[in-house]
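Structure assessment
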Amino acid sequence: MIRVRCLRGGSRGAESAHFLGALIGRAVAGWVQKTFQSTRAAAAAATTTAKSSCVADDDHKDQATDALAKECPVCSYNEWDPLEEVIVGRPENACVPPFTIEVKANTYEKYWPFYQQYGGQRFPKEHISKAVAEIEEMCNVLRGEGVVVKHPEIINWSENYNTPDFKSTGMYAAMPRDILLVVGNEIIEAPMAWRARFFEYRAYRPLIKDYFLRGAKWTTAPKPQMSDKLYNMEYPIFSVEDRHKLAAEGKFVTTEFEPCFDAADFMRAGKDIFVQRSQVTNFMGIEWMRRHLAPTYNVHTISFKDPNPMHIDATFNIIGPGLVLSNPDRPCHQIEVFKNAGWTIISPPTPLISDDHPLWMSSKWLSMNVLMLDEKRVMVEKNETSIHKMFEKLGIATIKVDIRNANSLGGGFHCWTCDIRRRGTLQSYFN
């Protein structure tokens, strides 16, 4: 177990090599070392070329990161430094994904008839119109707070497409946090795990090319084939009980056939990045990221008691150096590691959203899916009054915006955004 030093706050641990090896199989069991490991072992095997591509070496860290912050249009190391530029998603033309096995495994059974009926078609027009208005207002508020706002392209997601391995329609470009991960001056395009999201990167390419031409690094993770071999096509999920049983056994709809991950399964805290194995992020994807970011960054695998793990930011949302919102319904298996390190663990209040409000792709815990504008300002759902009080007790001012209809498409403020530039430097919050 690593020793952790913090400026203020907390996170969690990982699972045993035996447990991970059983999930991955002998072919990749050798990758998975002890739980909550850093990437230092991977760094020892990294080539000189790989090392030279890192943000900065140890001898020139301060000078390099300071220069990076001044010269590059892309620069973000954590979730709480002062926000200067952000990509906000677009609800326009959002489509219901076809009801394939990976979609079924990530959605609640009460919505399965909706997917069966509308898969491949656009979401209800009236609902999308309301979501568009909400996101426009959210962007106006961000601009009013001094943040530059950028958008992906508007695309017709209802068109059919074919690859040698599958056919599908698209989904949307609503959640940039799902597909883009900014680490320092680098934008990493996630490979994704849903077939309906295979071509989602196209909406972001004009933005990314512009950032690249102005000095940012641009990396695209290996694009998966998404053949049937990537999925357990017989994934036995029929009820809530099935979800809990499979999650407890560490069984997921995605296999280890090839790397896959969604960027939203990663949470940044300076040199340390936390990730969960989920329905959309497999161990091969985590290992790819671990090797890619070594030796400058340490990637730690952590886990939760979650019947449907998909994206970490409504389960474990780091909102400051050593300060984390931890979902009380999805406790972290390694939370003692963070408590022992002196982190402050905040248990957010029960969400107030009504049971009859449609949440086709997410849970009510989007209430904790907040966006930090800096350590003392947070963008939060207007109607979640109980979490307003929680932040006020922490001395954090709340910027209240209503995005209830936008929530229905699968995300809160953190999901709807990808912070491109935050004013800060690379620091280590763990030792």
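The following paragraphs examine the structure supplied in this document. (Residues numbered from 1 in each chain as written. Predicted model: local features only at pLDDT ≥ 70, side-chain atom pairs only at ≥ 80, totals over all residues. Heavy atoms only, no water.)

Helices and strands together make up the secondary structure of the chain, namely 15 helices and 17 strands. Going through the 431 residues of the chain one by one, you find that 61% of them count as buried. Contacts in the chain between residues far apart in sequence, at least 24 positions, make up 75% of those at least 6 positions apart. If you sum the accessible surface of the chain, you get close to 17,100 Å²; carbon and sulfur atoms cover 50% of it. (Helix = DSSP H or I, 4+ residues; strand = E, 2+ residues; numbered from the N terminus. Buried < 20%, exposed > 50% of the residue type's maximum accessible area, 1.4 Å probe, protein only. Contact = heavy atoms within 4.5 Å. Areas by Shrake-Rupley, 256 points an atom, 1.4 Å probe, with all protein chains shown as cover.)

Moving on, we get to the environment of Thr301. Turning to its location among the elements, Thr301 is positioned in strand E10 (residues 298–302). By relative accessible area, which is 7% here, Thr301 ends up buried. For Thr301, the side chain forms a polar contact with the side chain of Arg290, separated by 3.3 Å. (Polar contact = N/O pair within 3.5 Å; in protein donor to acceptor, adjacent residues only side chain to side chain.)

Here we take up the pattern of salt bridges. Tallied over the full model, the rule gives 25 salt bridges. Arg177 is the salt-bridge partner of Glu79, the closest N and O atoms lying 3.6 Å from each other. With a gap of 98 residues between them, Glu79 in the loop between helix H5 (61–71) and strand E1 (83–88) and Arg177 in helix H9 (residues 176–179) connect regions that are remote in the sequence. Arg177 gets classed as buried once you look at its relative accessible area, which sits at 6%. One salt bridge connects Arg214 with Asp210, and the closest N-O pair in it is separated by 3.0 Å. Under the relative-accessibility criterion, Arg214 is labelled partly exposed at 42%. (Salt bridge = Lys/Arg side-chain N within 4 Å of Asp/Glu carboxyl O.)

Moving on, we get to the side chain of Glu200. Tracing the backbone through its elements, the reader meets Glu200 in the loop between strand E6 (186–189) and helix H10 (205–213). Of the residues examined, Glu200 reaches a relative accessible area of 1% and is grouped as buried. One polar contact links Glu200 to Arg197, side chain to side chain, over a distance of 2.8 Å. Ignoring anything within four residues of it in the chain, the contact list for Glu200 reads Trp157, Tyr172, Ala173, Met175 and Ile179.

Glancing now at the sheet that holds strand E5 (residues 180–183). Taken together, the three strands give an open sheet; going across it, the order is E5-E6-E7, and neighbouring strands pair in mixed fashion. Only two strands of the sheet have a single neighbouring strand rather than two, namely E5 and strand E7 (217–220). Averaged over all pairs of adjacent strands, the angle between strand axes in this sheet comes to 20°, irrespective of strand direction. Where E5 meets E6, four bridges bridge the pair, whose relative direction is antiparallel. In the strand pairing of E6, Leu181 is matched with Ile188. Here H10 sits on the sheet in contact with E5, E6 and E7, set at roughly 140° to E7. Sheet strands in contact with helix H12 (residues 283–293) are E5, E6 and E7, and its direction is about 160° off that of E6. (Pairing = 2+ DSSP bridges. Axes fitted to C-alpha atoms, helices over the stretch in contact; angles between N-to-C directions.)

This brings us to the environment of Arg197. Of note, Arg197 is situated in the loop between E6 and H10. C-alpha of Arg197 to C-alpha of Thr169: the two residues are 28 residues apart in sequence and 8.6 Å apart in space. At 2.9 Å, the side chain of Arg197 and the side chain of Asp178 are in polar contact.

This part is about the sheet that holds strand E13 (residues 344–346). With mixed pairing, three strands are arranged side by side in an open sheet as E11-E12-E13. The two strands at the open ends of the sheet, each matched to only one other strand, are strand E11 (316–320) and E13. Going from strand to strand, the sheet's axes swing by 30° on average, the running direction of each strand aside. Direction of pairing for E11 relative to strand E12 (residues 323–326): antiparallel, over a ladder of four bridges. Each residue of the ladder has a partner; that of Gly320, found in E12, is Leu323.

Below, the discussion takes up the side chain of Asp313. As for its placement among the helices and strands, Asp313 is situated in the loop between E10 and E11. Buried charged residue Asp313 carries no salt bridge. Nearest counter-charge: Arg177, at 5.1 Å. Within the local environment of Asp313, its side chain forms a polar contact with the side chain of Asn369, the two groups lying 3.3 Å apart. Looking at Asp313, its side chain comes within polar contact range of the side chain of His414, at 2.7 Å. The residues touching Asp313, leaving out its near neighbours within four places in the chain, are Arg177, Ala264, Met267, Met368, Asn369, His414 and Cys415. (Lys, Arg positive; Asp, Glu negative; His and termini not counted.)

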